[in-house]
Amino acid sequence: MGIFNMDWRQLIMIVIACILLYLAIAKGFEPLLLVPIAFGMLLSNLPLTGVMNGAVAGIEPLGMSNKGLEATIHTKTPGGLLYYLFQGDELGIFPPLIFLGVGAMTDFGPLIANPKSILLGAAAQFGIFFTFIGALLLGFTGPEAASIGIIGGADGPTAIYLTTKLAQHLLAPIAVAAYSYMALVPIIQPPIMKALTTKEERSIVMAQSKSVSKKVKIIFPIAVTIIVSLLLPAAATLIGMLMFGNLLKECSVTDRLSETATNALMNIVTIFLGLSVGASAQADIFLSVQTLKIFALGVIAFGIGTGAGVICAKVMNKFSKEKINPLIGGAGVSAVPMAARVAHKVAQEENPGNFLLMYAMGPNVAGVIGSAVAAGILLSLFG
């Protein structure tokens, strides 16, 4: 019986999984992410389930021949289901597919209409490089520090993709930290936003954005793919899939493909990725001082990224005639669309008639591009 094989570490992980399930179901903290992650964590820490066990191969000698000793390799014990799903994370398959779905759901119109949003999205990536330096000072290697720092982009697929390339042994804590902080955006961001802004700043009503033509929206993903890939080839996979998904949405002749990427494919990959990421958080791997350091650095990265975006917006207001509500700077982290919704919600607490969501989506989608570019830079340096 499994109960007789449970140790205290597994019990702790089961409790953590149940807390995450509570936050997702009862509190509504990004349940599409948190429920699969928490349930995968629960399954892999229940004793003797074997859901993350690798396959065990056996070798059977057949004897000598003219070619030497011959043998056959056969599977003695098949691996667990989530072990095989986890290969989609380790091989870097699931993250680009998630980017494909995100691209198909994203409207880059607010970013194109207000190019200044790019600066806010870029500023929010400061948390990545600040935390990279902090991880180096704590004794992590360059590739490990790069993988930890990317948590600051609040982009789970990018964190997984970069970590599989640079520090695969840290994939479990980094993946769980990145997705957990994404899900907890509504808790983490509002206090930071409010601490760095005044009531007057949070009440700023932004001017109406200009409309963007269909032609420009079609050209945008093609141009971004070419420019980013030529300047930073290491970012081509993530940026390419993000922009391909967006092109499917905007070109109006691939509606069936866009609908599949947005719904069926996105939902399937989210289930597989969430379950396998959660299942990677096994007690014997997860409960360590190193993991605590990663989680601490991750929340620092997230906080600094949010703060840097808000401060950048405040600085821009010093030189701009049309005022920017600094809250949209916090949406520069690439947790789409959660961070934009949080900025909108905080603004409405001050002024119920202030509809900030569309303006916040500009920095938000800029942050998606920014985190992928940051990952490409780090991959170029340490890959």
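Residues numbered from 1 in each chain as written. Predicted model: local features only at pLDDT ≥ 70, side-chain atom pairs only at ≥ 80, totals over all residues. Heavy atoms only, no water.

Participant: Let's hear about helix H13 (residues 214-231): which residues, and what values?
Facilitator: Between its first and last C-alpha, H13 extends 26 Å over 18 residues, near the 26 Å set by a 1.5 Å rise per residue. At Phe 220, H13 shows its maximal bend, which comes to roughly 25°, and the proline Pro 221 appears one to four places after that position. Looking at the buried residues of H13, the elements they touch are helix H5 (109-113), helix H14 (236-250) and helix H20 (357-382). (Helix = DSSP H or I, 4+ residues; strand = E, 2+ residues; numbered from the N terminus. Expected span 1.5 Å × (residues − 1). Bend = angle between axes of the 7 residues up to and from the residue. Contact = heavy atoms within 4.5 Å.)

Participant: Lay out the packing of helix H4 (residues 94-105) against helix H9 (residues 156-166) with the relevant residues and their values.
Facilitator: Orientation of H4 relative to H9, taken along the N-to-C sense of each, is 155°, at an axis distance of 8 Å. Our classification of the angle between H4 and H9 gives roughly antiparallel. Every pair of crossing elements has a handedness; the one defined by H4 and H9 is left-handed. For the pair H4 and H9, contact is made by Pro 95, Pro 96, Ile 98 and Phe 99 and by Pro 157, Thr 158, Ile 160 and Tyr 161, respectively. When grouped by side-chain class, the residues that make up the contact of H4 with H9 number seven nonpolar, one polar and no charged. (Axes fitted to C-alpha atoms, helices over the stretch in contact; angles between N-to-C directions. Parallel < 35°, antiparallel > 145°, perpendicular 65-115°, else oblique. Left-handed = near helix turned anticlockwise from the far one by under 90°. Nonpolar A, V, L, I, M, F, W, Y, C, P; charged D, E, K, R; others polar.)

Participant: Pulling in residues and values, what's your account of a nonpolar patch on the surface?
Facilitator: On the surface, a nonpolar cluster with roughly 390 Å² of combined accessible area is contributed by Met 6, Leu 11, Val 15, Ile 19 and Leu 46. Within the secondary structure layout, Leu 46 lies in the loop between helix H2 (31-45) and strand E1 (56-65). (Patch = residues over 30% accessible without salt bridge, like charges linked within 9 Å, V, L, I, M, F, W, Y side chains within 5 Å. Areas by Shrake-Rupley, 256 points an atom, 1.4 Å probe, with all protein chains shown as cover. Salt bridge = Lys/Arg side-chain N within 4 Å of Asp/Glu carboxyl O.)

Participant: Can you tell me about the packing of H2 against helix H10 (residues 171-183), naming the residues and giving the values?
Facilitator: The geometry of H2 relative to H10 is characterised by a closest axis approach of 10 Å and an angle of 140° between their N-to-C directions. Comparing the axis directions of H2 and H10 gives the class oblique. In the packing of H2 onto H10, the handedness of the crossing is left-handed. From H2, Leu 33, Leu 34, Ile 37 and Met 41 reach across to H10, where they touch Val 176, Tyr 179, Met 182 and Ala 183. Class assignment for the residues of the contact of H2 with H10 results in eight nonpolar, no polar and no charged.

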